[in-house]
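Observations on the three-dimensional arrangement
The primary structure of each chain is shown beneath.
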Amino acid sequence: MGEDRAAAPGVPRIVTSFGETGRPRRMAGARQAQQWLLTLLPAFPVLLLVLRLWQLSQQDMSTMLLLVQYVSPLGLLSALLIALVWAFPVVVLTFGVLGRLLRLSAPDRFDLERSLLASGTARTPGWVITAAVALGALTWQLRFLPSLLMLALWLLALRTRYLHPDQPNRVLLVSVALPLAAAVLAYSVLGPAIWTAYQDRELATAALLAVPPAATLLLTGPIPGWIAPALTHGLAFTVAAVLPVVMGAVFLRVPLLPTAAVEVLPRESGVSTPRAPAATTPAGGETVPPASGAVPPPVADAGREVVLGALIAVTDTSTIMLDRAATVRFVPNGWVESQVLCPQPAAVPYSLVSVRGWPVEETALDWMMPRRLVADPDVRCEGRLPGTR
């Protein structure tokens, strides 16, 4: 079993990992890289969470340790998952296209023992790719759905050419007819939106909607073998380097703590403030006014304020808040008059382009889920006391 056997024409030769002496060879580069990747991959979400808490605490170690003590790990992971769920289809589809393009264009360089791209492609089952396409269709914004269609058709065409090279009609149908029909259908639906984006000078939106349907016909077959290894591995390394930076930039803007407005009235304000002496009436019937230096009676709202910020925790003695100045406030529970949960402000849309009423910056999940009822905002969420203007 340790000998290399001559393979039949058209069948790839399988090389065992043992030499003629029966000793195991030196571990291949792909296997080493895969072990390092599996070791370091779980550390990436932890790093993102720590950086987010460090940013939320305004680089103050004491505040960060307080957040680590009270912030729920499940809440952190939920925020991370919701914010970065779109990244899974990006990784699976991009590396899947590059790996299958390498296998079809330069089969002699598709080495499972030396190339991590080849190893990942060979070990990725079809149902994972299908799940990635479905997840991308739900979580990607509308303006990125043409790119998702392009990647899915590339994967289908490259897989068909590799598995059925002896069926030219089938290859022609999947590689030419299907991408051409998809492009015609896409332009018939997206045409008005493309023209609107161009007129509004939203060139990035117009390019995202217009270029992918036409580019679907470009990579449905092999490319020259002499450039395939350098091109596929170069693009794979570029995506691997840029994607973590983009994911970090997106996650650092995600709120981790609920925003609340707490109305505070210190109880000492009603007893510690000296009251003005009342006017007296002596026996002669003449009213004597109070002394000129007396303190006037306190106003009803004296000492009342609204603390607006992130709600860290509510303990037995106090409500811990992180206000808008990144200052930790320990408000005694006896001082809390009322509190309200403030909704997160809606993101300001960058583009006003829509496709048949569907804004290009919304995902399918946003479009399908019920809309939150629009209500008048609570004045406390603006940092104002009730009854004030």
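Residues numbered from 1 in each chain as written. Predicted model: local features only at pLDDT ≥ 70, side-chain atom pairs only at ≥ 80, totals over all residues. Heavy atoms only, no water.

Broken down by element type, the protein chain carries twelve helices and seven strands. Burial statistics for the protein chain: of 389 residues in total, 34% are counted as buried. Taking contacts inside the protein chain between residues at least 6 apart in sequence as the whole, the part at least 24 apart equals 67%. (Helix = DSSP H or I, 4+ residues; strand = E, 2+ residues; numbered from the N terminus. Buried < 20%, exposed > 50% of the residue type's maximum accessible area, 1.4 Å probe, protein only. Contact = heavy atoms within 4.5 Å.)

So, on to the pattern of salt bridges. Under the definition given, this model contains six salt bridges. Residue Arg-304 pairs with Glu-263 through a salt bridge whose shortest N-O separation is 2.9 Å. On the criterion of sequence distance, the pair formed by Arg-304 in the loop between strand 1 (259-264) and strand 2 (305-314) and Glu-263 in strand 1 is long-range, its members being 41 residues apart. (Salt bridge = Lys/Arg side-chain N within 4 Å of Asp/Glu carboxyl O.)

A word on the state of the cysteines. Evaluation of the coordinates by the stated rule reveals one disulfide. The disulfide that involves Cys-342 links it to Cys-381, with 2.1 Å between the sulfurs. Because the sign of the S-S torsion sets the handedness, a value of about -95° for the bond joining Cys-342 and Cys-381 places this disulfide among the left-handed ones. Residue Cys-342 is found in the loop between strand 5 (336-341) and strand 6 (354-355), and its partner Cys-381 is found in the segment after helix 12 (364-368); the two are separated by 39 residues along the sequence. (Disulfide = S-S within 2.5 Å.)

Our next topic: the sheet that holds strand 4 (residues 328-332). A sheet is described by the order of its strands in space; here five strands give the open sequence 4-3-2-1-5, paired in antiparallel fashion. If you trace the sheet from one side to the other, it starts and ends with strand 4 and strand 5, each paired once. Strand-to-strand twist of the sheet, defined as the mean angle between neighbouring strand axes without regard to direction, takes the value 45°. Across five bridges, strand 1 lies against strand 5 in antiparallel orientation. Bridging from a neighbouring strand, Ala-260 pairs with Leu-341 of strand 5. In this fold helix 3 (residues 61-70) packs onto strand 2, strand 3 (318-323) and strand 4, with an angle of close to 60° to the strand it touches most, strand 2. (Pairing = 2+ DSSP bridges. Axes fitted to C-alpha atoms, helices over the stretch in contact; angles between N-to-C directions.)

This next bit is on the pairing of strand 2. Counting buried residues along strand 2, eight of its ten residues qualify, which places the element largely inside the surrounding structure. As paired elements, strand 1 and strand 2 share six bridges and run antiparallel to each other. Pairing of Thr-259 across the sheet is with Ala-310, part of strand 2. Across five bridges, the pairing between strand 2 and strand 3 is antiparallel. From the neighbouring strand, Leu-311 faces strand 3, where its bridge partner is Met-321. Two successive antiparallel strands, strand 2 and strand 3, enclose a turn made up of three residues.

Counting residues in each nonpolar core, the largest one holds 65 residues, and the members touching the most others are Leu-67, Leu-84, Leu-93, Phe-251, Leu-257 and Ile-312. By residue number, the principal contributor to this core is helix 5 (residues 87-105), which donates nine residues. Excluding residues that lie within four positions of it along the chain, Leu-84 makes contacts with Leu-48, Met-247, Val-250 and Phe-251. In terms of nonpolar packing, the next biggest core, distinct from the first, is built from seven residues, Ala-260, Val-307, Met-321 and Val-331 among them. (Core = buried A, V, L, I, M, F, W, Y, C linked by side-chain atoms within 4.5 Å.)

Here we take up the packing of aromatic side chains. Applying the stated criterion across every chain, the model contains one aromatic pair. Directly above the aromatic system of Tyr-162 lies the positively charged group of Arg-103, at a separation of 3.9 Å from the ring centroid. (Phe/Tyr/Trp six-rings, centres within 6.5 Å; stacked < 30°, edge-to-face > 60°. Lys NZ or Arg CZ within 6 Å of the ring centre and 35° of its normal.)

Below, the discussion takes up the side chain of Ser-175. Structurally, Ser-175 is set in helix 9 (residues 168-199). A polar contact is formed between the side chain of Ser-175 and the side chain of Arg-161, at a distance of 3.3 Å. If near-sequence neighbours (up to four positions away) are discounted, Ser-175 is found in contact with Ala-157, Arg-161, Leu-217 and Thr-220. (Polar contact = N/O pair within 3.5 Å; in protein donor to acceptor, adjacent residues only side chain to side chain.)

We now examine the confidence of the model for the protein chain. Caution applies to low-pLDDT regions: their predicted coordinates should not be interpreted in detail. Per-residue confidence for the protein chain gives a mean pLDDT of 80, with 80% of residues at or over 70. Counted against residues more than four places away or in other chains, residues 1-27, with its pLDDT under 50, gives 21 contacts. Within the model, pLDDT remains below 50 along residues 269-300, and this stretch shows 23 contacts once partners closer than five positions in the same chain are excluded. (pLDDT = per-residue confidence, 0-100.)

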